[in-house]
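# Commentary on secondary and tertiary structure
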Amino acid sequence: MVAERHATGKPGTAAGGGAMSGPTERNVEIGGLPCRVWEKGEGEPLGFLAGIGGLPKWPPLLERLSADRRVIAPSLPGYPGALGHDQLDTQLDWVLATRDLLCAAGLEGADLIGVSVGGALAAEVAAIWPTMVRRLVLVAPLGLYDPDQPMTDFFAIAPKTLPQLVCADPANYDALVERPEGADEVEWKIQQIRAASAAARLLWPLGDTRLAKRLHRIGNPTLLLWGTEDRIVSPRLAEKFSAAISGATEIQAIPGAGHLADLDAPDAVGDAVLTFLGRA
Amino acid sequence: MKFLWFHLMPYTDLPDDFREKHPSVWVDIDSRLFDPQRAHHMYNEFIDELEFAAECGFDAVCVNEHHSNGYGLMPSPNLIASTLARSTGDAAICVLGNSLALYNPPTRVAEEMAMIDCISGGRLIAGFPVGTPMDTCYAYGQNPSTLREKYYEAHDLIIKAWTTPETFAFNGRYIQQRYVNIWPRPVQKPHPPIWIPGGGSVETWRWCAKMDYVYCYLSYFGYKLGKATMQGFWEEMERLGKEPNPYHAGFLQFVGVADTREEALKLYREPAEYFYDRCLNVDPRFASPPGYTSEATIRAKVQSQISAASIRDGIKSMQRDWQAILDNGYVIIGGPDEVAEQLRQVATDLNVGHLLLLLQFGNMDKELAQYNTRLFSEKVMPSLASLFDDRWEDRWWPNAMPPESRAQPRAEAR
């Protein structure tokens, strides 16, 4: 069963800051269901797949990147602005949906950033379709399971504790999910629940998507960014990703940032991304 | 009116400081608290209590399924049901039930329930719960986002397995089986009556109405909190044009009866406090895995302002002290006439023809459980037994083989 779509954000209203103008918004169809695509800026396209919770609002990192690049942020099925996670039953379904989404958003062959959940899927696409991604940036990607440092079970947490788990400063997450004036109270809440449900559908129960079997196929230059205060996955996992990926990799710690380093430290992450993409 | 004697099989030796020292009775409860040699005695006493209830004339004995749970020692209720199928005579065997999405293939449930139906001579009530988040998503690792779809698919497979004479192939979204042909088949035709224990979800109400299954609301929080949920169920039934047959519903209630109210207050305080304090100490982080509750149910609950009658909300607002347990009607306590009068009101108010009774609860010992059971059967049941029967027929009760055609188990088994 598929819920009917309720508008979540409109161009101009999606931006977090007052003076900023928001991205343009369009929908693409994946498996017959709409997925929102946000876009802003000029120049070479740069894709962005968001982490836990998705993007209920246009975040500061993308605003910053859009000054240099044409930033395109498609919402994964079930994430804010997108439906259809309940049609995806297997890892193959998820990976194909991600590839179709990137193609429909105009990101074939573009540089790609994947954060957390989005990182697990960005890595899959780069591994399976070498020409789909140019250079890859993974920010605290999920998808691996290390028995010595397992992912924190963020699907089993006391109510209202998610912000302090995913961000070093919970206010950064609170700001992202705070209901904007005019948004429907019930539907705004359901949007968050649906995003959590989509992540659970992909990652339950251990966060192991068997990505480890395919990491060696990634031949792209890859930047691995990890917040030093990540309370979901240990930053030490960066070494495992780096060792398994066959392309040239670079690891950079984001001091003081949590799991969603893009929310905690948009400037540091933005600098690291632009430096990497400008150089490679 | 039907009376079902329900056992949760709680571990009775949780320490006094359990709530202070242990975050949860469920999922990650400390296994070092479990003494198997004590459990040997608990299981045997619990089975004695169920058999005693059947001898006392209860219409059914009732078991259910929990996993990694300090107040429910029946990961496999079918094991207990099979021993009861041998050791009881006329009582129905109510398995409430098997969480269908946990079995792969679910034909295992079809087989085991058919076995119980054969052994008991057609006395089985087949309960199909989705299962709590704690049991299914956490203890059994099921994905909350696919749990319900798997459950419905497993249900379809089981019904087809019970009712299709030919070997068939089943190509579901989650289950693929080339040869489905269960052996044995149930005694009851087309299949045992199906009861659905559920929370307050609109989908479950509609599904029970559509499939003509009994809806059971198993709350630990008594008739006062349960009323909103049962009202919601009956309003939905009315909208769907179904008649308000009270036997279409079941409701769980804790009861402690003694010769006088004063004595009852004295006898049942400790086991009740044990249950609400220690047994319901569930870590809230296990209450709502994302995707477990459907978007439609979330919308319905918010929009209609129905009190969300889920375990989670119950636990959040739960009272633990004795006076509150009494005032809120979690446990109905009193002398026989008082209890009978209250239960008459509960059954009438909630329009429920199947009363599931917890007469053993918490750390209550066998002696007190049997006292409660005997007194209930002798002094409470008779005055209520004919309630509803002038108007309504129970179409959801097992259709057993006639007693004279049934096997006679050796005396030692009884």
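Our structure is the block above this text.
Notes on the structure follow. (Residues numbered from 1 in each chain as written. Chains lettered and ligands numbered in written order. Predicted model: local features only at pLDDT ≥ 70, side-chain atom pairs only at ≥ 80, totals over all residues. Heavy atoms only, no water.)

## A word on the overall build of chain B
Broken down by element type, chain B carries 14 helices and eleven strands. For a compact globule of 414 residues, the expected C-alpha radius of gyration is about 22 Å, and chain B comes in at 20 Å, within 12% of that figure. For chain B, the spread of C-alpha atoms along the principal axes amounts to about 60 × 50 × 50 Å. Taking all contacts inside chain B whose residues are at least 6 apart in sequence as the whole, residues at least 24 apart take part in 79%. Carbon and sulfur atoms form 49% of the exposed surface of chain B, whose accessible area is close to 16800 Å². The distance from the centre of the 40 positive side-chain charges to the centre of the 53 negative ones in chain B is 5 Å. (Helix = DSSP H or I, 4+ residues; strand = E, 2+ residues; numbered from the N terminus. Rg over C-alpha atoms; globule rule 2.2 N^0.38 Å. Contact = heavy atoms within 4.5 Å. Areas by Shrake-Rupley, 256 points an atom, 1.4 Å probe, with all protein chains shown as cover. Lys, Arg positive; Asp, Glu negative; His and termini not counted. Charge placed at Lys NZ, Arg CZ, Asp CG, Glu CD.)

## Regarding the side chain of A:Arg214
Residue and element names in this part refer to chain A. Position of Arg-214 relative to the elements: it lies in the loop between α6 (185-203) and β7 (222-227). Using a relative accessible area of 19% as the deciding quantity, one classes Arg-214 as buried. A distance of 2.7 Å separates the side chain of Arg-214 from the side chain of Glu-124, its partner in a polar contact. Arg-214 has contacts with Gln-91, Glu-124, Ala-127, Ile-128 and Thr-209, leaving out every residue within four places of it along the chain. (Buried < 20%, exposed > 50% of the residue type's maximum accessible area, 1.4 Å probe, protein only. Polar contact = N/O pair within 3.5 Å; in protein donor to acceptor, adjacent residues only side chain to side chain.)

## A few points about the sheet that holds β7(A)
Residues and elements named next belong to chain A. Taken together, eight strands build an open sheet; the order of strands is β1-β2-β4-β3-β5-β6-β7-β8 and the sheet is mixed. The outermost strands of the open sheet, each flanked by one partner alone, are β1 (24-30) and β8 (249-254). Pairwise comparison of adjacent strand axes, ignoring direction, gives a mean angle of 20 degrees for this sheet. Pairing of β1 with strand β2 (residues 33-40), which is carried by seven bridges, proceeds in the antiparallel orientation. Bridging from a neighbouring strand, Asn-27 pairs with Arg-36 of β2. (Pairing = 2+ DSSP bridges. Axes fitted to C-alpha atoms, helices over the stretch in contact; angles between N-to-C directions.)

## Examining the pairing of strand β10 (residues 331-334) of chain B
Residue and element names in this part refer to chain B. Covered by surrounding structure in β10 are Val-331 and Ile-333 together with Ile-332 and Gly-334, the residues of both alternating faces. Pairing of strand β9 (residues 249-257) with β10, which is carried by four bridges, proceeds in the parallel orientation. Within β10, the position partnered with Val-257 by the bridge is Gly-334.

## Describing the interface of chain A and chain B
Quoted interface sizes are often the accessible area lost when the parts come together. Taken together, the contacts link 24 residues of chain A with 24 residues of chain B. Surface buried jointly by chain A and chain B totals about 1900 Å² across both partners, of which 57% is contributed by carbon and sulfur atoms. Linking chain A with chain B are four salt bridges. Where B:Glu149 meets A:Arg201, a salt bridge forms, and the shortest distance between an N and an O atom there is 3.6 Å. Our count for the contact surface shared by chain A and chain B stands at twelve residue pairs in polar contact (both at pLDDT 80 or more). (Buried area = accessible area lost by both parts, 1.4 Å probe. Salt bridge = Lys/Arg side-chain N within 4 Å of Asp/Glu carboxyl O.)

## A few points about helix α13 (residues 336-350) of chain B
All names here are of chain B. Look at α13: 21 Å from first C-alpha to last across 15 residues, which is about the 21 Å you get at 1.5 Å a residue. Considered for burial, the residues of α13 that qualify are Pro-336, Val-339, Ala-340, Leu-343, Val-346, Ala-347 and Leu-350. All buried residues of α13 lie within an arc of 125 degrees about the axis, which places them on one face of the element. Where the residues of α13 are buried, they touch α8 (222-239), β9, β10, β11 (354-358) and α14 (366-384). (Expected span 1.5 Å × (residues − 1). Arc of directions from axis to C-beta.)

## Structural notes on the packing of aromatic side chains
Residues and elements named next belong to chain B. Tallying each qualifying case throughout the model produces 34 aromatic pairs over all chains. Between the aromatic rings of Tyr-71 and Phe-275, the centroid separation amounts to 5.7 Å while the plane-to-plane angle is 65 degrees, which identifies the pairing as edge-to-face. With Tyr-71 in the loop between β2 (60-63) and α3 (77-87) and Phe-275 in helix α9 (residues 261-279), the pair connects residues that are 204 residues apart, well separated along the chain. Comparing Tyr-71 with Phe-275 shows no difference in burial state: the two are buried. By the ring-pair criterion, three or more aromatic residues cluster together here, those being Trp-26, Tyr-71, Tyr-220, Phe-221, Phe-254, Tyr-268, Phe-275, Tyr-276, Tyr-330 and Phe-361. (Phe/Tyr/Trp six-rings, centres within 6.5 Å; stacked < 30°, edge-to-face > 60°.)

## Considerations on the pattern of salt bridges
Counted according to the given criterion, the structure contains 38 salt bridges over all chains. Of the charged contacts in the structure, one is a salt bridge between B:Asp17 and B:Lys21, with a shortest N-O distance of 2.6 Å. The salt bridge involving B:Arg206 is made with B:Glu236; its shortest N-O contact spans 3.0 Å. Note that B:Arg206 is positioned in helix α7 (residues 202-211) and B:Glu236 in helix α8, a separation of 30 residues in sequence. Since its relative accessible area comes to 44%, B:Arg206 is described here as partly exposed. Under the relative-accessibility criterion, B:Glu236 is labelled buried at 6%. Linked by salt bridges that have partners in common, A:Asp89, A:Arg201, B:Glu149 and B:Arg173 make up one network.

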